[in-house]
Amino acid sequence: MNNKNIPAALPDHLRLPSFSSTYPTSLIPGEMFCQRCAGNVPLSDPLLITSKAKILTNTRVIHDVATYSKCCHQCGIHYSKNTAVGRVVQCLELTIGEQFPPAKTVLHAYLHFEALTSDEYEYSCVTCGDHPPIVIMDLHRKGAFNMSLSDIKPPPKEFNGNVNIEDFWRKLSLQMIGRGFVKKQSDNPFTVDPSYHLWAPWIGRNTRKSNQCLNTEFQKIHQPKEAELCEITVSEDRLKNELYKKKVSVIRKLCKECGVDSIGSKSDLLERLSSEMKSRQTYDKVFEKIWGASGGWAVVMCPCGIVYSIKCCLRAESPRDFSDILLSWKHIPNIVIYDFARGLATHTNLRYPEALTFTPHEGRLADPTDDNIKMAKEGKLKISLPWLNVKKQVPDSHGHPITGSAEHYALNDKFHEENSKDKRDVLRKIGLVAQLAGKVNSQVAEQFFSKLKKNNYFLNMTLPSTHVFLMRSIIHHHNSQKNLRRLEAFRRVFGTEVVLNINQQAVLATSEITETTKSGATNDHQVTKTNADVSIEEEDEPMIVENADEESAQPWKTPHNSVQEKLLRYILARSGWLMRLL
């Protein structure tokens with residue numbers, strides 16, 4: 001398969017449209033010998049598959065293309081050569097006046113192309129690096145495929161929740177490739193169906209601990225244990241919100257199916273259902289009726305709007321899903337922003353009580369004393385986390401590589417700060433932290449989901465495997481374009497080469513450091529600086545202002561209005577760094 005991969009960045013002469021381009025009239029595999037058999041076993045002469053193949057371009061359709069295959073007489077494997085439809089085929093038949101192949105055929109061709117393309121799916125931000133110190137987590141519940149929970153079989157008894165992430169996505173790719181060789185999906189030998197023991201999230205290779213990641217959704221089918229009591233609550237609130245939007249007739253029918261009294265007003269019916277949803281069995285039934293599909297997408301993003309991890313939930317989302325993702329990361333972020341922060345912290349800490357993940361104060365910003373709670377409510381409590389701006393000179397044991405701190409806090413997003421009935425949750429407000437107050441857009445995930453709406457109708461009608469494969473690809477292109485725009489803006493501001501440091505953060509090359517220190521430094525010493533020396537302080541100035549959700553290289557900093565001001569602040573920051581070295 002590696003020898004058949006298509007480069008992620010296509011050459012211009014293949015990528016850019018051209019009316020004068022000539023296209024091959026025949027496609028013949030280039031292999032001369034079998035790649036599977038030992039020794040140089042020659043392949044057969046080219047065997048004609050069809051002489052009526054088509055090549056779709058973004059300007060026209062090329063007809064009557066002959067495609068051939070070759071066969072190994074020893075093992076029987078076939079080698080064929082296929083062409084790609086392109087990244088996205090949006091040409092309308094009326095535009096060019098030609099009849100296109102059926103939409104399903106075009107989709108299969110595109111999926112085939114994506115599966116063969118050697119994309120890395122890095123899922124990393126060029127400004128936050130592979131290990132962001134701050135993340136925002138949320139659920140894209142409108143992105144879901146039709147599926148009955150009863151169709152998913154329990155996992156093997158020996159399954160412990162560890163899934164090989166590379167193995168799962170490799171199998172998905174094989175299914176997409178296999179589509180090009182079968183007439184109907186049921187004939188595809190590589191089909192991947194939803195299952196608890198072979199269903200993995202996607203986490204960038206440098207961000208995750210290893211290829212073994214956690215997916216413990218199978219534990220949701222058991223009776224709730226102490227660590228799971230918080231799981232139903234958050235999703236129950238979401239279900240109630242969805243129920244309130246339904247017509248009385250829909251709610252009444254749902255009550256009958258759940259064995260609940262269906263006589264009374266809408267409020268009466270909702271109250272009865274809410275009471276019954278304390279039971280996991282009733283909850284699952286209500287969830288499936290309301291959504292009628294999978295549990296949506298759990299998404300982890302940095303404040304810049306780059307997606308770091310995605311997980312297609314088979315059942316209703318809960319803190320367990322996000323906990324699985326975070327515990328699969330090499331370095332857990334110092335600040336985690338989530339709409340049910342208390343549930344996340346409680347669940348994660350109870351899973352590993354011997355080594356608490358969210359600490360100190362169970363992920364709160366201060367000890368939950370009466371005085372601290374009172375001061376927080378009155379807006380008088382201020383917490384400073386200086387390592388968000390300047391990495392600790394003496395990092396903590398097992399400290400985060402960007403901040404040096406081993407502290408981990410679970411904070412509520414802005415819109416859910418007042419939803420909690422626990423008075424201690426006032427200590428989970430973003431505004432209490434001087435380095436975050438008014439500077440982090442906790443709704444960056446919601447803004448991202450709004451952009452995905454245009455894909456929901458199309459994606460939600462596809463098979464589960466297609467839905468999952470395409471979602472990873474769509475988000476990959478979103479990340480890539482966002483990173484590219486950021487790097488280009490970085491270069492426009494500073495007019496110099498941009499390199500990536502050891503944490504994969506974008507920084508200026510050494511030559512630029514020398515020039516800026518000449519213009520504003522307080523010393524004349526020669527400084528030699530490697531990429532590995534870059535700390536978060538050097539990236540914390542707002543270098544890019546493209547739009548509201550893409551303000552800066554470290555988005556919890558205040559934006560500035562001019563390039564000159566950016567340069568001045570950047571030089572001052574560099575000078576301070578130089579002084580500390582000397």
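Residues numbered from 1 in each chain as written. Predicted model: local features only at pLDDT ≥ 70, side-chain atom pairs only at ≥ 80, totals over all residues. Heavy atoms only, no water.

Taking an unreviewed UniProt entry as the reference, the chain is identified by name as SAP domain-containing protein belonging to Cirrhinus molitorella.

## What to know about the packing of helix α4 (residues 165-178) against helix α13 (residues 464-494)
Contact pair α4 / α13: the axes reach a minimum separation of 10 Å and the direction vectors enclose 110°. Between α4 and α13, the interaxial angle falls into the category roughly perpendicular. Touching W169, L172, S173, Q175 and M176 of α4 are S465, T466, V468, F469 and R472, all from α13. Residues belonging to the contact of α4 with α13 are distributed by class as follows: five nonpolar, four polar and one charged. (Axes fitted to C-alpha atoms, helices over the stretch in contact; angles between N-to-C directions. Helix = DSSP H or I, 4+ residues; strand = E, 2+ residues; numbered from the N terminus. Parallel < 35°, antiparallel > 145°, perpendicular 65-115°, else oblique. Contact = heavy atoms within 4.5 Å. Nonpolar A, V, L, I, M, F, W, Y, C, P; charged D, E, K, R; others polar.)

## Overview of unusual backbone geometry
P360 follows T359 through a cis peptide bond whose omega is 5°. Its place among the elements puts P360 in the loop between α10 (341-351) and α11 (370-377). In the Ramachandran plot, Y121 falls in the positive-phi region, its phi being about 50° despite a non-glycine side chain. Along the chain, Y121 turns up in the loop between α3 (103-116) and β5 (134-140). We classify Y121 as buried; its relative accessible area is 5%. (Buried < 20%, exposed > 50% of the residue type's maximum accessible area, 1.4 Å probe, protein only.)

## Quick word on the side chain of E217
Residue placement: E217 occurs in the loop between β8 (212-214) and α5 (229-244). In contact with E217, not counting residues within four places along its chain, are Y196, K311, C312, C313, L314, R315, D321 and D324.

## Here's the deal with the pairing of strand β12 (residues 409-412)
Because side chains alternate across β12, one face comprises the buried residues Y409 and L411, and the other comprises A410 and N412, equally buried. In terms of strand pairing, strand β11 (residues 335-338) meets β12 through four bridges, oriented parallel. By the bridge assignment, Y338 is partnered in β12 with N412. (Pairing = 2+ DSSP bridges.)

## Examining α13
For α13, with 31 residues, the first-to-last C-alpha span of 45 Å sits near the 45 Å given by 1.5 Å per residue. Burial runs high along α13: 22 of the 31 residues are buried. After α13 finishes, the residue G495 shows a positive phi value of roughly 60°. (Expected span 1.5 Å × (residues − 1).)

## Here we look at the sheet that holds β5
Read across the open sheet, the six strands follow the order β7-β10-β9-β5-β11-β12; overall the sheet is mixed. Two strands lie at the open edges of the sheet, namely β7 (202-203) and β12, each paired on one side alone. One ladder, built from five bridges, connects β5 with strand β9 (residues 297-301); its direction is antiparallel. Looking at β9, one finds that L139 is bridged to A298.

## Examining the environment of I221
Examined against the element boundaries, I221 turns out to sit in the loop between β8 and α5. I221 sits 67 residues away from P154 along the chain, and the two C-alpha atoms are 8.6 Å apart. What I221 contacts, discounting residues up to four positions off in sequence, is Y196 and R315.

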